[in-house]
Amino acid sequence: MRIFKDSPKFTVGIIIILLLIIIALLEPKVNVYRLNGHSSTEIGLYETSLPPSRDHPFGTDPYGRDVLSLILTGLKYSLLVGFTAGSLATIVAVVLATLAGYKGGSIDAFITTVSNAILVIPSWPIVAIIVLFVDKVNLLYLSLILAFFSWAGSSRQMKPQIASLKERPYVELAKVTGFSDLEIMFKEILPNFLPYIFVGFSYAVTGTMMAETALRLVGLGPADIPSLGQVLNWALYSGALAQGHYFLTLVPIVVLVLVFVSMNLINVGLDEVYNPRLKKITGV
Amino acid sequence: MSRTTENLLELKNVVKIFTRASFELAKERVVYALSDVSFSMDIEPKVLALVGESGSGKTTICKLILGLEEPTSGEILYKGIPVSTWLRNYMKDYRREVQIIFQDPFETFNPFYRVDRVLWTVIQKFGLAKDKNEAESKIEESLEAVGLRPKEILGRYPHQLSGGERQRFMLARVYILRPKLLVADEPVSMLDASLRAVFLDHLKDFKKNGISCLYITHDLNTAYYISDYIMIIYAGKILEKGSVEEVIRNPLHPYTKMLITSIPVPDPTKRWTDKVKIDIAQLQKVSGRETIKGCVFYHRCDYAMDICRDNSPSMKDVEDHEVSCFLY
Amino acid sequence: MRSRLASYAIRRFFLYLLIFFISLTVFFFFLNLVPGDPVTRYVQELEARYGLTTPISEEIIREYKEAFGLDKDLFGRYTSYLKRLIFEFDFGPSFVAFPTPVSELIIDALPWSIGLLGVSIIISWVLGILFGTILGWRRESKVASFSLVLGLILSQIPPYLLALVLVMVFSFALGIFPMGGAYSPLIEQGFNLRYIIDLIYHAFLPAMSLILVYTFGTMISQRALVINILGEDYIKLAEAKGLENNRIIKRYILRNTLLPQTTGLALSLGFIVNGFFLIEWIFNYPGIGRLFMTAIRQMDYNVLMGITVITMFGVLAANFIIELLYPLIDPRIRR
Amino acid sequence: MSQILDVQDLKVYFRTILGDAKSLDGVSLRVYEGEILGIAGESGCGKSTLVEGILKLVRPPGYIHSGKVIYNGKNLVELEEEEFRKMRWTDISYIPQGSMNSLNPVIKVEEQMIDGIISHIDISYQEAKEIADQALNSVGLPLDVTQMYSHELSGGMRQRVCIAMSICLKPKIVFADEPVTALDVVMQKLNLQTIGELREKFGITVVMVAHDMAWHAEISDRICIMYAGKIVEIGPTLDIFVSPLHPYSRGLLEAIPSLERRFARSIPGIAPSPLNWPDGCRFHPRCSNIMGVCEEVDPPLLEIEKDRFVACHIYGGG
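Quick notes on the rules
Residues numbered from 1 in each chain as written. Chains lettered and ligands numbered in written order. Predicted model: local features only at pLDDT ≥ 70, side-chain atom pairs only at ≥ 80, totals over all residues. Heavy atoms only, no water. Helix = DSSP H or I, 4+ residues; strand = E, 2+ residues; numbered from the N terminus. Contact = heavy atoms within 4.5 Å. Areas by Shrake-Rupley, 256 points an atom, 1.4 Å probe, with all protein chains shown as cover. Pairing = 2+ DSSP bridges. Axes fitted to C-alpha atoms, helices over the stretch in contact; angles between N-to-C directions. pLDDT = per-residue confidence, 0-100. Phe/Tyr/Trp six-rings, centres within 6.5 Å; stacked < 30°, edge-to-face > 60°. Buried < 20%, exposed > 50% of the residue type's maximum accessible area, 1.4 Å probe, protein only. Lys NZ or Arg CZ within 6 Å of the ring centre and 35° of its normal. Buried area = accessible area lost by both parts, 1.4 Å probe. Polar contact = N/O pair within 3.5 Å; in protein donor to acceptor, adjacent residues only side chain to side chain. Nonpolar A, V, L, I, M, F, W, Y, C, P; charged D, E, K, R; others polar. Salt bridge = Lys/Arg side-chain N within 4 Å of Asp/Glu carboxyl O. Patch = residues over 30% accessible without salt bridge, like charges linked within 9 Å, V, L, I, M, F, W, Y side chains within 5 Å. Parallel < 35°, antiparallel > 145°, perpendicular 65-115°, else oblique.

Draft legend 1. A look at the overall build of chain A. The secondary structure content of chain A amounts to 12 helices and zero strands. Listing each helix as α and each strand as β along chain A from the N terminus yields α-α-α-α-α-α-α-α-α-α-α-α. For chain A, the C-alpha atoms occupy an extent of roughly 75 × 45 × 30 Å along the three principal directions. If you take every contact in chain A between residues at least 6 apart in sequence, the share linking residues at least 24 apart comes to 68%. Taken as a whole, chain A presents about 11200 Å² of accessible surface, with 69% of it coming from carbon and sulfur.

What follows is the structure, given as structure tokens:
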């Protein structure tokens, strides 16, 4: 893939996010080994609020849980919610963007107005109220709600690209060679559109993860899913801020920011390589 | 152009309106891209040039013929049958017989695939070869016919070819397909002058292989070089039609005269003697006409009369070629 | 020209009214798809949380439901919901601070939020554009690449997470800034210097958690815009004309980034407001954000509804006003 | 005629991932006072890069590799940017390409005309406005153009505004880079005639870059033909058309169809790439009268007759 050579930002972004994903996937084995069989959220396993030591690199929290494994579990669930909701949002965004971009006319105007509406209004309070008043919120339901409010950002990114790809002469050449609409969409437009789907996907993932972390930080959402937001919530309510329990609060924040920064680097890298305008300046 | 034999292609009073609809309850702006265009090409293969400035509607005509756009009113007949019927019932045959070459060589190739795919899909889609070897030989033969060396060209990506090579690759595609009618939309305007002639020669030779060509351009010189018949179009209306020698040597319509005198001659001894006068009408951006009333050329015409302002002249036979102007 | 601007404004106004109407409807139906209704849910929560032995009398519950038209069928509830919101601007009483109406609570809290939010956004937008332009103009220097990397990182931190870090380090650990609140009770309120300094002293950290993030976000987008514009032909002609650099930067580069940055601001308002709720909660800042968060914990349905509708209305109104500026910024829109 | 500008072995390269693209590879050229010098050649031959190099408008990834540009005793390449800025528009001005959007889209035409003036001479806005109006009149544009924006004007009119702008301060020499490309035929004639008149009306020396030889036939006194980053032939317009010396010049003239003759013959082969120019004479892969020496030695530009320069081994210097 030429993109790795052309864009250092993209490469750095991909490396970081892959590392985080690998760590999240290894979490069950690592935790089983480190806590010899216990779950990382089990209370009272160790002494409370131990300082960092060899077997507890980040020490333990006021409930006697090993902070490192807590964060590993938290990362796994945060990524899980982020990628589930992100994929749902991206699928909706791709379908609606293709519909609006390819068909144009009043469909385009309608979808654009709705997506601008969703993009403009502050969605977080609405999600918070919904999650508050739903008694049983599982991962899927939460992802659905988050996806509903984040597809708009991605589709707004994608629609102009599809509209411009549709106008390209090679699409008209395909029509004139007897291609059906479906063939054109999948064989002519989609391959050149892949980078923009990924841009939309990373917008959706960062958007949903930020919203989910905010919800959990305040104690809303499924209690049985210990994402990083939940870890921060425990830290907050156990007075970690006052006692200056840095590892319990700073490390989850750093991990989350790593995810957001890496996804953004990927976006910026893709944009620099695939955006014809910027290419003009780099002279290649 | 004799009327008796059945026509290969015929446009009857074609009108095309583009409306700029917008959801925010704004009033729609109506633009007449084409107003009452009629012309025909008979069965016998020829090169017909359609010459007009940018924004004159010539690309719209090309899109209508290829079914990429629908006419607002009027008919487009290929071998007497409306294009819409062809595309509904015999789409494959129509696509086989009516083909196109686009203007921008950098955009007619999908950057994702190697260039060979263009030729392979044509062979697969229309079943032009029984097996792989026949397909390969057909491809190589067509590339050599347009002066490209298969070994150097095949297997490469579009960005690895020059503009000239890519445009000739599209010619090879036409050679394989052997269509009846080829619409060439400004095929050489992006090529260097030194490469244009060889491309235009191919368009001329297509006649020998039974391929008629509708050559769309803004450049009267290249039209004069390769076409047998010529049509001048301005703001969506055809102003003059006829054999190319007739129209160039003895232009009738004021606009055609203006065009011919404005073209610089590559000969220092024949420099312009007259001066062009500017008029305020040209100040505004030239966009499609908003009304259908009156002659399209009224506001720029030196011979404009009152009659020209409100009613538009119809096509009249004068000195064995046709012109639409009240002077005649 | 005047009439065209007026018709543009009216058209945009009706569009925003439509969007506001759609969002209210979407919000309403989302809530009503949820099983059960807010009142019974609130009562269950009270019983669960405080272990009430004697169940709250059916009569009160029924009265509440009638007050909010919760007993009617879906369409009936919808019409009463719209009537109350749009015409009477009445969100009903707050459950917890009964009988004070929600609108009163909001009116007390709103100025704080608007002040903090407004000031932070304007500062970050202006600083972001300034730094972004310099970064785009001087791309080679060491400082430029360093601030770009810093920007790529800082612009991605959610403001509420940065708020956590700031409060932890500067308030709890170093004690330089107050733990929260908007003013210290000791100082006598009123239009005097001490009070104003105290206000700024309290608002500094909450504002910084937004300013740090959004300034760098705007800086990154401004830098990309400037790099694009430097490739334009009118810049080449401006250089050929021998214009001084600051005239080129002011009248040619900055002037052309104004529209995209204004659109960017309008579209990111929703995102900024989203994060703002938590900032007020973390800093215990008496705005509608904190009011919303306490209502979350107390499940005070009317306050939640009221604040959501107000923020929706506020953001849409801000967008409408910003969009009115477009024709003034870019002549091409006046057509 | 006295010499106004002397370009000596100017080289402008473009950094790319695949190495330096040598777009302009050593061009020497003299421009005489009051003449209209036409620079011809096809896309990629470096003619626009030559103008950008002289006016130091080359932007990264392009850079001026070496060479001198002498204008009344000063070498512009080495000149301090601030000092050169003072000379821009007052001594040397520029007419941009016809197809580009060279007017700032968000400010009125008036402001763009006047800012060029008051950046150089210390006069009031009103006085500058008079100079601008006078310039607009001289190109036959109505004064209410000043209150319009660039998107309200047609391509031809935008280009006339650029011409008016370039002559506001009565410069000594004007560089026009493809000034009438992509305009409609009538607009091309209009703007070409205006550029042609700059000399009679204002005594300005004009250097016009254009790929269409017919435009040079109409207004240029001398023509300099470029190929693959170098000059292959210079000569008076009539001599170039009647008896072109260099094989490429001949090929170029034969390739253009015109209303005078229905004949055109292409030059075989394809244009070379600036990333690796062919060895020896850069035209040898496409040249009909190729000789052994052509593949090894790159022929220097020699004045074989009065005012006739050519770089080809047929005429010696091998």
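Draft legend 2. Main features of the sheet that holds strand S12 (residues 321-323) of chain B. Residue and element names in this part refer to chain B. One open sheet accounts for eight strands, arranged S6-S7-S8-S3-S9-S10-S12-S11; its pairing is mixed. Each of the sheet's edge strands pairs with one partner strand only, and the pair in question is strand S6 (98-101) and strand S11 (316-318). Sheet twist, expressed as the mean angle between neighbouring strand axes with direction ignored, is 20 degrees. Pairing analysis gives four bridges linking S6 to strand S7 (residues 181-185), with the strands arranged parallel. Within S7, the residue paired with Gln99 across the bridge is Leu182. Relative to strand S8 (residues 212-217), helix H8 (residues 193-205) is tilted by about 145 degrees, and along the sheet it contacts strand S3 (47-51), S6, S7 and S8. Strand contacts of helix H11 (residues 254-262): strand S9 (229-234) and strand S10 (237-243), with the helix running at about 100 degrees to S9, the strand carrying the most contacts.

Draft legend 3. Representation of the confidence of the model for chain D. Residues and elements named next belong to chain D. Chain-level statistics for chain D give a pLDDT mean of 89 and a share of 99% at 70 or above. Ranking the helices and strands of chain D by mean pLDDT puts strand S3 (residues 36-40) first, with 95, and helix H6 (residues 185-202) last, with 87. With pTM at 0.87, the complex prediction returns an ipTM value of 0.86.

Draft legend 4. Region of interest: the packing of aromatic side chains. All chains considered together, the criterion is met by 31 aromatic pairs over all chains. Ring geometry for Tyr234 of chain B against Phe297 of chain B: centres 5.3 Å apart, planes inclined by 85 degrees, an arrangement best described as edge-to-face. Here Tyr234 of chain B, found in strand S9, pairs with Phe297 of chain B, found in the loop between H11 and helix H12 (306-310); they are 63 residues apart in sequence, far enough to count as distant. According to the relative accessible area criterion, Tyr234 of chain B is buried, its value standing at 5%. Accessibility expressed as a relative area gives 1% for Phe297 of chain B, which makes it buried. The rings of Tyr78, Trp86, Tyr90 and Tyr94 of chain B are connected pair by pair, giving a single aromatic cluster. Over the aromatic face of Tyr63 of chain D sits the side chain of Arg15 of chain D, whose NZ or CZ is 4.2 Å from the ring centroid.

Draft legend 5. Spotlight on the interface of chain D and chain B. The partner chain B presents 49 residues to the 49 residues of chain D that form the contact. Among the residues of chain D in contact with chain B, Glu218, Leu259 and Arg262 of chain D are the three that bury the most area, contributing 20% of the side total. Linking chain D with chain B are 18 residue pairs in polar contact (both at pLDDT 80 or more). Among the elements of the structure, helix H5 (155-166), H6, helix H7 (213-219) and helix H8 (237-242) of chain D are those that each provide at least two residues to the side of chain D that touches chain B. Per-element tally for the side of chain D that touches chain B: the top contributor is H6 of chain D, with eight residues. Of the residues belonging to the side of chain D that touches chain B, the class tally is 25 nonpolar, 11 polar and 13 charged.

Draft legend 6. Up close: the pattern of salt bridges. Evaluated as defined, the whole model comprises 47 salt bridges over all chains. With a shortest N-O distance of 2.8 Å, Glu152 of chain B and Arg149 of chain B are connected by a salt bridge. Owing to a relative accessible area of 53%, Arg149 of chain B belongs among the exposed residues under this scheme. Across the salt bridge formed by Lys129 of chain D and Glu110 of chain D, the nearest N and O atoms sit 3.1 Å from each other. Note that Lys129 of chain D is positioned in helix H4 (residues 125-138) and Glu110 of chain D in helix H3 (residues 109-118), a separation of 19 residues in sequence. Overall, Glu110 of chain D belongs to the buried group, its relative accessible area being 13%. Among the charged side chains, a salt-bridge network with shared partners connects Glu183 and Lys187 of chain A together with Lys125 of chain B.

Draft legend 7. Broad picture of unusual backbone geometry. All names here are of chain D. Each neighbour pair has its own omega, and for Pro60 with Pro61 the value is 0 degrees, a cis peptide bond. Residue placement: Pro61 occurs in the loop between helix H1 (47-54) and strand S4 (62-71). In the Ramachandran plot, Lys56 falls in the positive-phi region, its phi being about 50 degrees despite a non-glycine side chain. Positionally, Lys56 belongs in the loop between H1 and S4. The residue Trp89 is not glycine, and still its phi comes out positive at about 75 degrees. Turning to its location among the elements, Trp89 is positioned in the loop between helix H2 (81-87) and strand S6 (92-95). Among the residues examined, Trp89 registers a relative accessible area of 1% and is labelled buried.

Draft legend 8. Up close: a nonpolar patch on the surface. On the surface, Val119, Ile123, Leu127, Leu130, Phe131 and Ile134 of chain C cluster together into a nonpolar patch covering about 490 Å² of accessible area. Turning to its location among the elements, Val119 of chain C is positioned in helix H5 (residues 102-137).

Draft legend 9. Up close: the packing of helix H5 (residues 123-133) of chain A against helix H10 (residues 245-282) of chain C. At a minimum axis distance of 7 Å, the contact between H5 of chain A and H10 of chain C shows a crossing angle of 60 degrees. The orientation of H5 of chain A relative to H10 of chain C falls into the category oblique. On H10 of chain C, the residues that touch Ser123, Trp124 and Pro125 of chain A of H5 of chain A are Asn274, Phe277 and Leu278 of chain C. When grouped by side-chain class, the residues that make up the contact of H5 of chain A with H10 of chain C number four nonpolar, two polar and no charged.

Draft legend 10. Region of interest: the interface of chain C and chain A. Taken together, the contact pairs 50 residues of chain C with 50 residues of chain A. When chain C packs against chain A, the two sides together hide about 4800 Å² of surface, and 81% of this comes from carbon and sulfur. Between chain C and chain A we count zero salt bridges in total. Here chain C is connected to chain A by four residue pairs in polar contact (both at pLDDT 80 or more). Those elements that place two or more of their residues in the side of chain C that touches chain A are helix H1 (2-33), helix H2 (38-50), helix H6 (142-154), helix H7 (159-173), helix H8 (193-230), H10, helix H11 (288-298) and helix H12 (301-329) of chain C. Per-element accounting of the side of chain C that touches chain A gives the leading share, nine residues, to H12 of chain C. Among the residues forming the side of chain C that touches chain A, the class breakdown is 38 nonpolar, nine polar and three charged.

Draft legend 11. Quick peek at the pairing of strand S1 (residues 3-16) of chain D. Residues and elements named next belong to chain D. With 10 bridges joining them, S1 and strand S2 (residues 19-32) adopt antiparallel strand pairing. Each residue of the ladder has a partner; that of Phe14, found in S2, is Ala21. As consecutive antiparallel partners, S1 and S2 are separated by two residues. Relative to S4, S1 runs antiparallel, the two being bridged by eight bridges. Residue pairing in the sheet places Val12 in a bridge with Ile64 of S4.

Draft legend 12. Local environment of the side chain of Ser227 of chain B. Tracing the backbone through its elements, the reader meets Ser227 of chain B in the loop between helix H9 (220-226) and S9. Within the local environment of Ser227 of chain B, its side chain forms a polar contact with the backbone oxygen of Ala223 of chain B, the two atoms lying 2.6 Å apart. Among all residues touching Ser227 of chain B, those that are not within four sequence positions of it are Val47, Ala49 and Val244 of chain B together with Arg262 of chain D.

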